There are 2 protein chains.
Amino acid sequence: MSAPIPADPAAKGRPGEFDLIGRYFAPLAGPGAFHLDDDAAVLTPTPGRQMVFTADAIISGVHFLGDDPPGDVAQKLLAVNLSDLAAMGAEGVGYLITTAWPRDLDEAWIADFAQGLAEAQAAYSVALLGGDTVATGGPLSLTLTAIGELPGNSALRRNGARAGDRLYVSGRIGDAGVGLGILRDGLLGGAAADRQRAVERYRRPKPQLALGCALRGLASACIDISDGLVADMAHLAEQSAARMVVELHRVPISPLANLIGGAKGAIVAGDDYELLFTAAPENETRLLAAAREVDAAVSCIGQVEEGQGVHIIDQLGNAVIVERGGYRHF
Amino acid sequence: MSAPIPADPAAKGRPGEFDLIGRYFAPLAGPGAFHLDDDAAVLTPTPGRQMVFTADAIISGVHFLGDDPPGDVAQKLLAVNLSDLAAMGAEGVGYLITTAWPRDLDEAWIADFAQGLAEAQAAYSVALLGGDTVATGGPLSLTLTAIGELPGNSALRRNGARAGDRLYVSGRIGDAGVGLGILRDGLLGGAAADRQRAVERYRRPKPQLALGCALRGLASACIDISDGLVADMAHLAEQSAARMVVELHRVPISPLANLIGGAKGAIVAGDDYELLFTAAPENETRLLAAAREVDAAVSCIGQVEEGQGVHIIDQLGNAVIVERGGYRHF
């Protein structure tokens, strides 16, 4: 724990840092985390396996909305990190969380957040290993480091796509973007059930951990979709030094995609946390069977060619121009 | 990487998130981090060793001063986390860093910060494994997760102190507290060299990694001093269900401790990042030799008894009352 600059002790009678940790976070601690009572957690690696690490931060007003339910924020924080493990083909093991709470944050918010975290960690079979709790004068900021593991040398990378491979995506694209539009911009229209599902997809993304594991040894490259299908595919193209050709009509899109500009809007919307991956044609049968085994919908949406960049075409083979997705922080 | 809510793209012409990562952080990436080009880093654990994890956040104006040099902030961020590894007896392996930059932060600040991080990671033999870079409307916030390793079942815990053990501290106490007082409150007095050293100790704490490793198998309990000797000793007392008796005159204190209330002020000041530990008397000779081997100064400052809490006495054995140290965030 880092020592803060001693300040005028305000907020007497409110629970202290150690009270908050003990009350809400210690019950989430896994084996080796010593009930969060020690300086660090100790894990025994599984022999023959490699460990995988990723970290992501989310900030109120930037990555989630200030009035999102606390339990959903917890689920999202864990999910966006586990999604990175999924993209590597790793299973989740544990996580560390660092929370910067605004001083006026309600204790009930923290309680609901911890409850959401408890549900999410149970759903994805990971346990809390440690972290830090500080107060901030700024917006609520949450950082999570996720730890996973996988069999030696089986990690799915971004750089393995080769000309001739096929291009795949899991689930459907644009739901989360529609959900954000409904919540933030008050978008109207569409069936109530579809609207609700879109909001749910934005607030409670599901990391595709089972699919990621199923793709080990079958996919040639993989990434999760956080910034949007086009922006994330551009990473695959760049890392693999290849050209990704997407047949727009084959991309499974949200039934409400018309609210955000149709298929062209859906493929630049973020937050879906589906997997985007490539595989050699001779692996397709096994790959689709492996996906079915874990109940994952997978669609072939194009192919990998020599060249560079992302090229989007329509049914007639004509180029489709979309506004390049991906958010700039700075 | 988590997707932020798309906003009005401000700040055109400024480097983007990926530019910043590529320019300043990718050069720090270690083996398995894939130049930060992938979703996560992959590490192969050393057979027979356990892995150790800790995370700490520091916030401008809370844990460091807004005008602290960026390189010193980087060094401090890494040091406070590695200090937790040291307290477990672990060696450092790598780290993940998450940075929330205020939108008006100078790129030169980031460059200097990265340079400080490069020097610190070289000094402590760790490498960058991943992280996240976001913009914030709040204060500069930095989070680091440190990863270490140690031989199986050799972790130093907080709960192993037993009545009859002796109580030790490394280095000297209060320097960092004096340094903070000089920087923040304009404290006057003392020799220039001592003043400079105190400021240096506050701004650039040194994690006692070599000493922590040397204590494996010899110390019965260990903690690093972040919140102050008394506050951190209280954790040892609580976790070990024992009473810690400190002979105040045996505590090595800063030559400028008089600026912060003398020995009684020094033992409640934070940020020294020395190690506080206990050992059975029969281990003392080996323990002191092991400490000398790594050039660490170690002082016996008291003993462990049956009971609970921290009891501070003077040369005559009379109880000394100090204001309980440790900062409350909330």
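Because the structure is predicted, anything quoted here is derived from the model rather than measured.

Each value, and the rule that gives it
Residues numbered from 1 in each chain as written. Chains lettered and ligands numbered in written order. Predicted model: local features only at pLDDT ≥ 70, side-chain atom pairs only at ≥ 80, totals over all residues. Pairing = 2+ DSSP bridges. Helix = DSSP H or I, 4+ residues; strand = E, 2+ residues; numbered from the N terminus. Axes fitted to C-alpha atoms, helices over the stretch in contact; angles between N-to-C directions. Contact = placed C-beta atoms within 7 Å. Parallel < 35°, antiparallel > 145°, perpendicular 65-115°, else oblique. Buried ≥ 20, exposed ≤ 12 C-beta atoms within 10 Å, placed from the backbone. Right-handed = clockwise from strand over helix to strand, strands pointing away. Nonpolar A, V, L, I, M, F, W, Y, C, P; charged D, E, K, R; others polar. Domains from an automatic or database assignment.

1. Some points on the sheet that holds strand β6 (residues 166–170) of chain A
Residues and elements named next belong to chain A.
Then, in step 1: If you walk across this open sheet you meet the six strands as β7-β9-β6-β10-β8-β11, and the pairing is mixed. At either end of the open sheet lies a strand with only one pairing partner, and these are β7 (219–224) and β11 (309–313). Taken pair by pair, the neighbouring strands of this sheet meet at an average axis angle of 25 degrees, ignoring direction.
Then, in step 2: As paired elements, β6 and strand β10 (residues 298–305) share five bridges and run antiparallel to each other. When the bridges of β10 are listed, arginine 166 appears paired with glutamine 303.
Then, in step 3: In the packing of helix α2 (residues 70–88) onto the sheet, contacts are made with β7 and β9 (275–279), and the angle to β7 comes to roughly 170 degrees.

2. Regarding the packing of helix α4 (residues 175–185) of chain B against helix α5 (residues 192–203) of chain B
Residues and elements named next belong to chain B.
Then, in step 1: Contact geometry of α4 with α5 gives a least axis separation of 7 Å together with a crossing angle of 100 degrees. The orientation of α4 relative to α5 falls into the category roughly perpendicular. Side by side, α4 and α5 meet where Asp175, Ala176, Val178, Gly179, Leu180, Ile182 and Leu183 of the first sit next to Arg195, Arg197, Ala198, Val199, Arg201, Tyr202 and Arg203 of the second.

3. Description of the sheet that holds strand β3 (residues 91–102) of chain A
Then, in step 1: What the five strands build is an open sheet, ordered β4(A)-β3(A)-β5(A)-β2(A)-β1(B); its pairing is mixed. Each having just a single partner strand, β4 (127–136) of chain A together with β1 (41–43) of chain B make up the two edges of the open sheet. If you compare each strand with its neighbour and ignore which way they point, the axes differ by 20 degrees on average.
Then, in step 2: Note: β3(A) against strand β5 (residues 141–151) of chain A, nine bridges, orientation antiparallel. If you follow A:Gly92 over to β5(A), its bridge partner there is A:Gly148.
Then, in step 3: In this fold α2(A) packs onto β2 (49–59), β3 and β5 of chain A, with an angle of close to 145 degrees to the strand it touches most, β2(A).

4. Some words on the pairing of strand β4 (residues 127–136) of chain B
Residues and elements named next belong to chain B.
Then, in step 1: The buried count for β4 comes to nine of ten residues, which makes it a mostly enclosed element.
Then, in step 2: The pairing of strand β3 (residues 91–102) with β4 spans nine bridges and is classified as parallel. Each residue of the ladder has a partner; that of threonine 99, found in β4, is threonine 133.
Then, in step 3: Crossover handedness for the path β3 to helix α3 (residues 107–123) to β4: right-handed.

5. Quick notes on the interface of chain A and chain B
Then, in step 1: Taken together, the 73 residues of chain A in the interface contact 73 residues of chain B.
Then, in step 2: Residue contributions to the side of chain A that touches chain B peak at ten residues, all from β2(A).
Then, in step 3: Its residues placed into classes, the side of chain A that touches chain B shows 38 nonpolar, 20 polar and 15 charged.
Then, in step 4: Alignment of strand β1 (residues 41–43) of chain A against strand β2 (residues 49–59) of chain B, held across three bridges, turns out to be antiparallel. Across the sheet, residue A:Ala41 finds its bridge partner in β2(B), namely B:Phe53.

6. Notes on the domain arrangement of chain A
Residue and element names in this part refer to chain A.
Then, in step 1: If you check the domain split of chain A, you get domain 1 (17–151) and domain 2 (166–313).
Then, in step 2: Summarising the inter-unit geometry, the C-alpha centres of domain 1 and domain 2 are found 26 Å apart.
Then, in step 3: Counting residues at the interface gives 20 residues for domain 1, matched by 20 residues for domain 2.
Then, in step 4: For the side of domain 1 that touches domain 2, the secondary-structure elements that each account for two or more residues are α2 and β3.
Then, in step 5: Broken down by element, the residue count for the side of domain 1 that touches domain 2 peaks at twelve residues, all from α2.
Then, in step 6: Within the side of domain 1 that touches domain 2, the residues separate by chemical class into eleven nonpolar, four polar and five charged.

7. Topic: the pairing of strand β6 (residues 166–170) of chain B
All names here are of chain B.
Then, in step 1: Among the five residues of β6, four are classified as buried, and the element is accordingly described as predominantly covered.
Then, in step 2: The sheet contact formed by β6 and strand β9 (residues 275–279) spans four bridges and is antiparallel. Residue valine 169 lies in a different strand from β9, and its bridge partner there is leucine 276.

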